[in-house]
Amino acid sequence: GSASTSIVNPALSISANGVVEVGTSASTTYLQKISGNVVVYNGGKFNCATSGSRMPTTSSFVLTMDSVATVDFGVSIKRKGECKWYGESKTRWTLLTSDEAASSTSIQVVSTSGWKNGDTLCFAGTGTTITQGETRTISTVDSGTQVTLTTGLTNARTGTGDVIGEVGNLSSNVKIVGTSTSVATYFCAYESSLVVLDNVEIQYFGSSTTNKRGVECLHTNTSSNSCTFINCAFRNVVNSNGFVGCNTSSSSFFYINDNVLFTTANSGYAISGGGSGTPTFNFLRNLAISTAGASIGIAITGTTGDSGLLEDNIASGYS
């Protein structure tokens, strides 16, 4: 790309009947680094694998948005555009099954399904100190219920009794990344777009700029054209306004289920109705972990017309 920050002069423009598909050959590392915006217009498609034929576990795809300043570049799915990405299936988050001492490297959990050597895990604190969330890297996956870490835990954790610690997996083989912990990207789905992010990792995102706040869906007003974020890993929110969810002034349909959001300093999930909107949402079984006692873990704000399901979500390390 030419490094233009203009949304109307994108580096990659996918228009009516245009289709960009990521390769899915086995044992292949696919990379796309862009200095500019990606925009999918009415009738365009930007897809990666399918629900029935996911990105092979031996392959990967990384889309890097090469911004100089926060949200210079991002991904916009415009009205009736399509973006459907499917990474390899894995247990996105699970529970400890034994007490783990500080310095422990052998970790017992309910399931390690889909986990791989080199994956990054995040651990929720189980004590009374708000800053005990932490990350560690898998050295080996020893069984369906045990992994060995490259370095030991900093804080002890309980996996029995009244408080059972959660463990999230932050790694996927399909991902969108910003430039760094201080230079973010964004992903925005507009009215009537069709978006499915399934087992996708998004790293370094968020801002206070309208339509570039983080990962959001706007005015998605039919159930068939909707936003679905499922089994994804959202990590390293750069700005405290970065969120995953909806910011709309009309009816919308979005589904945020079984995801992990990890941050070292800022907010977690937020759903914002805004105006006279009537969002219809499913927000189920999500895990939000902060390591620094951030203020907001999961926030629902909006209007009297909001409706949907909010069940079985967990926030750890928030004040």
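Everything below is about the structure shown above.
Thresholds, definitions, all that
Residues numbered from 1 in each chain as written. Predicted model: local features only at pLDDT ≥ 70, side-chain atom pairs only at ≥ 80, totals over all residues. Heavy atoms only, no water. Helix = DSSP H or I, 4+ residues; strand = E, 2+ residues; numbered from the N terminus. Buried < 20%, exposed > 50% of the residue type's maximum accessible area, 1.4 Å probe, protein only. Contact = heavy atoms within 4.5 Å. Areas by Shrake-Rupley, 256 points an atom, 1.4 Å probe, with all protein chains shown as cover. Phe/Tyr/Trp six-rings, centres within 6.5 Å; stacked < 30°, edge-to-face > 60°. Lys NZ or Arg CZ within 6 Å of the ring centre and 35° of its normal. Pairing = 2+ DSSP bridges. Axes fitted to C-alpha atoms, helices over the stretch in contact; angles between N-to-C directions. Core = buried A, V, L, I, M, F, W, Y, C linked by side-chain atoms within 4.5 Å.

Draft legend 1. Examining the overall build of the chain more closely. Scanning the chain from terminus to terminus reveals zero helices and 30 strands. Looking at the 319 residues of the chain, the share that counts as buried comes to 52%. In the chain, the share of contacts with a sequence separation of at least 24, taken over all contacts with a separation of at least 6, comes to 81%. For the chain, the exposed surface amounts to about 11900 Å²; the carbon and sulfur share of it is 48%.

Draft legend 2. Up close: the packing of aromatic side chains. By the definition in use, this model includes four aromatic pairs. Ring geometry for Phe61 and Trp85: centres 5.5 Å apart, planes at 70°, overall edge-to-face. Pair noted here: Phe61 is in strand 6 (residues 60–65) and Trp85 is in strand 8 (residues 82–86), with a separation of 24 residues, a long-range link. Residue Phe61 shares its accessibility class with Trp85, and that shared class is buried. With a centroid separation of 6.1 Å and an interplanar angle of 70°, the aromatic rings of Phe205 and Phe234 are classed as edge-to-face. Pair noted here: Phe205 is in strand 18 (residues 201–205) and Phe234 is in strand 21 (residues 233–237), with a separation of 29 residues, a long-range link. In this structure an aromatic cluster arises from ring pairing among Phe46, Phe61 and Trp85. Across the ring face of Tyr190, the terminal group of Lys78 is positioned such that the distance to the ring centre comes to 3.9 Å.

Draft legend 3. Inspection of the sheet that holds strand 15 (residues 174–177) at higher detail. Taken in spatial order, the eight strands line up as 3-6-15-18-21-24-27-30 in an open sheet, and their pairing is parallel. The open sheet terminates on both sides in strands that have one partner only, identified here as strand 3 (29–34) and strand 30 (314–318). Sheet twist, expressed as the average angle between the axes of neighbouring strands with direction ignored, equals 10°. Relative to strand 18, strand 15 runs parallel, the two sharing three bridges. Bridge pairing in strand 18 places Ile176 opposite Ile202.

Draft legend 4. Structural detail: the nonpolar core. Ranked by internal contacts, the top residues of the largest apolar core, which has 42 residues, are Leu63, Trp85, Phe187, Val195, Leu197, Phe229 and Phe234. Among the elements that take part in this core, strand 6 stands out by supplying three residues, more than any other. Setting aside residues up to four positions removed in sequence, Val195 forms contacts with Ile77, Cys83, Phe187, Ala189, Ser226, Cys227, Thr228 and Phe229. One finds Leu96, Val109, Leu121 and Phe123 within the second-largest nonpolar core, a separate group that totals 11 residues.

Draft legend 5. Highlighting the sheet that holds strand 13 (residues 146–149). Strand order across the open sheet formed by six strands is 9-14-11-12-13-10, with antiparallel pairing between neighbours. Each edge of the open sheet is held by one strand with a lone partner, namely strand 9 (93–95) and strand 10 (106–108). Geometrically, the sheet is characterised by an average inter-axis angle of 40° between neighbouring strands, direction not taken into account. By the bridge criterion, three bridges tie strand 12 (residues 134–141) to strand 13 in an arrangement that is antiparallel. Each residue of the ladder has a partner; that of Thr140, found in strand 13, is Thr148.

Draft legend 6. The arrangement of the side chain of Thr94 in detail. By the element assignment, Thr94 lies in strand 9. In this view, Thr94 contacts Val109, Val110, Ser111, Trp115, Gly165, Glu166 and Val167; residues no more than four positions away in its chain are not counted.

Draft legend 7. Region of the structure containing unusual backbone geometry. A positive phi angle is found at Asn211, which is not glycine, with a value near 65°. Relative accessible area serves as the criterion here: at 24%, Asn211 is assigned to the partly exposed category. A positive phi angle, close to 55°, is found at Asn231, a residue other than glycine. One can find Asn231 in the loop between strand 20 (227–230) and strand 21.

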